[in-house]
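# Topology and contacts: notes
Here's the letter readout for the chains.
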Amino acid sequence: MTAKIIDGKLLATKVKAQVSIAVSELNKKNIFPGLATIIVGNDAASSIYVKNKGKSAKEVGIESFQYELPENVLEKDLLELINKLNLNNAVDGILVQLPLPIHINSNQVIDSIDPSKDVDGFNVLNAGKTFIGRDSVIPCTPLGCLLMLRSINIELRGKNAVIIGRSNIVGKPMAQLLLNEDCTVTIVHSKTNNINKIVKKADIIIAAVGIANLVKESWVKKGAIVIDVGINRIQVEDKNKLVGDINFDEVKDIASYVTPVPGGVGPMTIACLLMNTVFQSAKRNSISIPDNLKKLF
Ligand code: NAD
């Protein structure tokens, strides 16, 4: 193995420690950040994610309000809950776990969250601000990936970055963040021709697809930095295994850095969610972002 591992779990622990310090600072000013999480239905994986988010919030001193709604909840009842949370001063962040059941219009739900309480950065106003490089709420997963890249202290300027996947929650905002870092950015997706040849030119690869082990050794340039966002459940010898979009066993011998799954981007996403909650809390109370969190950027 030649690649160094970017340990997302370790980095997330460091970020959470800083968030915890920032929360204590806010508490001294009588500000108590609160995060509301809403899950609809009982998808096992989503349920675990949301519970972890609530648990991590409590660990850093953020108050957690958790709502579990039945699969058949009416859209109007979900919107009513969001409206109540919008008006509740104890709540600084509202997270609705996606995907939602098909009878619910996800866009309408996301847009109903007060932009000042949007901690995912998916609201059109915040997404637009991110797109034009204005001060905004940056979606948690791309922000986590950026902090992972920064953690290895490499010059990002001028690097050739290829992002695999063009979703609104990962691929597109990731492209914007790397453009802001002066990378030359290419997004490839399900309809891209000769995808392996394009990926092979990348100094930085970000894979956010949802196909187990899609990226093989032959796709990766020697020395590339590889960030694996994918979370895929596969069966290996009758056992469930979590793997990413990168074939880790192959790519570790050619990349210079690689993130593992699990223990890579996943924990960083949660840490960034907590950080975004503190940012929103500070902004909503018209005070500047705690200095120790500013230093993470
Ligand atoms: P999505 O389904 O919204 O988007 C997937 C993208 O992959 C699409 O843009 C599509 O064009 C592209 N794609 C599909 N097939 C392809 C192919 N054969 N070659 C190249 N591109 C292809 O997914 P998403 O929400 O962006 O999530 C992607 C993956 O990341 C999933 O595995 C998801 O579980 C994971 N994820 C992880 C975290 C985390 O915290 N680690 C957060 C969000 C998403």
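Structural notes, computed from the coordinates.

Definitions and cut-offs
- Residues numbered from 1 in each chain as written.
- Predicted model: local features only at pLDDT ≥ 70, side-chain atom pairs only at ≥ 80, totals over all residues.
- Heavy atoms only, no water.
- Helix = DSSP H or I, 4+ residues; strand = E, 2+ residues; numbered from the N terminus.
- Rg over C-alpha atoms; globule rule 2.2 N^0.38 Å.
- Buried < 20%, exposed > 50% of the residue type's maximum accessible area, 1.4 Å probe, protein only.
- Contact = heavy atoms within 4.5 Å.
- Areas by Shrake-Rupley, 256 points an atom, 1.4 Å probe, with all protein chains shown as cover.
- Lys, Arg positive; Asp, Glu negative; His and termini not counted.
- Charge placed at Lys NZ, Arg CZ, Asp CG, Glu CD.
- Pairing = 2+ DSSP bridges.
- Near = heavy atom within 4 Å.
- Nonpolar A, V, L, I, M, F, W, Y, C, P; charged D, E, K, R; others polar.
- Salt bridge = Lys/Arg side-chain N within 4 Å of Asp/Glu carboxyl O.
- 1 Å grid on protein atoms, 1.4 Å probe; cavity = no way out; pocket = protein on both sides within 12 Å on 5 of 7 lines; lining within 4 Å.
- Points joined across faces, edges and corners; volume = space filled by probe spheres on them.
- Core = buried A, V, L, I, M, F, W, Y, C linked by side-chain atoms within 4.5 Å.

## Observations concerning the overall build of the protein
Along the backbone of the protein there are eleven helices and eleven strands. Computed over C-alpha atoms, the radius of gyration of the protein comes to 19 Å, within 12% of the 19 Å expected from 2.2 N^0.38 for 297 residues, which places it in the range of a compact globule. In the protein, which comprises 297 residues, the proportion classed as buried is 50%. Counting only contacts in the protein whose residues sit at least 6 apart along the sequence, the fraction spanning at least 24 positions is 69%. Split by element, the accessible area of the protein, about 14300 Å² in all, is 52% carbon and sulfur. Positive and negative charge centroids in the protein, built from 35 and 29 side chains respectively, lie 4 Å apart.

## Considerations on the pairing of strand β4 (residues 93-96)
A regular strand carries its side chains on alternate faces of the sheet. Here β4 shows no split at all, with Gly93 and Leu95 on one side and Ile94 and Val96 on the other all buried. Two strands pair when backbone bridges link them, and strand β2 (residues 34-40) and β4 are joined in this way by four bridges, in the parallel orientation. The partner of alanine 36 across the bridge, within β4, is isoleucine 94.

## Points about the site of the ligand
The immediate surroundings of the ligand are formed by 21 residues, with Arg166, Ser167, Val229, Ile231 and Thr269 found nearest. When the ligand is considered free in solution it has 850 Å² of accessible area, and contact with the protein chains removes 71% of it. Examining the composition of the shell around the ligand, we find that three residues originate from one element, helix α10 (residues 265-284), more than from any other. Within the shell around the ligand, the residues separate by chemical class into ten nonpolar, ten polar and one charged.

## Remarks on the pattern of salt bridges
On inspection of all chains with the given rule, the structure shows ten salt bridges. For lysine 221, the salt bridge goes to aspartate 203, with nearest N and O atoms at 2.6 Å. Here the residue lysine 221 occupies a position in the loop between β7 (204-207) and β8 (225-228), and aspartate 203 occupies one in the loop between α8 (195-199) and β7, the gap between them amounting to 18 residues. Classification of lysine 221 as partly exposed rests on a relative accessible area of 30%. Aspartate 203 gets classed as partly exposed once you look at its relative accessible area, which sits at 21%. A salt bridge links aspartate 291 to lysine 294; the shortest N-O distance between them is 3.5 Å. Pair noted here: aspartate 291 and lysine 294 are both in helix α11 (residues 291-294), with a separation of three residues, about one helical turn. Note on aspartate 291: relative accessible area 52%, which makes it exposed.

## Side note on empty space enclosed by the protein
Within this structure, the stated rule accounts for two cavities of 30 Å³ or more. In this model, the largest cavity occupies a volume close to 60 Å³. Taken together, Ile94, Val96, Leu98, Ile110, Ile113, Asp118, Asp120 and Phe122 make up the lining of the largest cavity. In terms of residue class, the lining of the largest cavity is built from six nonpolar, no polar and two charged. Of the pockets and cavities examined, the second largest cavity occupies roughly 40 Å³. Contributing to the lining of the second largest cavity are Ile39, Ser47, Val50, Lys51, Gln66 and Glu68.

## With respect to the nonpolar core
Of all hydrophobic cores here, the largest spans 50 residues; its most connected members are Val19, Ile62, Leu178, Ile206 and Met275. Among the elements of the structure, α1 (8-28), α6 (140-151), β5 (160-164), α7 (171-180), β7, β8 and α10 are those that each provide at least two residues to this core. Methionine 275 has contacts with Val15, Val19, Leu143, Leu147, Leu293, Leu296 and Phe297, leaving out every residue within four places of it along the chain. Counting 20 residues, the second-largest nonpolar core is a separate cluster that includes Ile205, Ala224, Val226 and Ile254.

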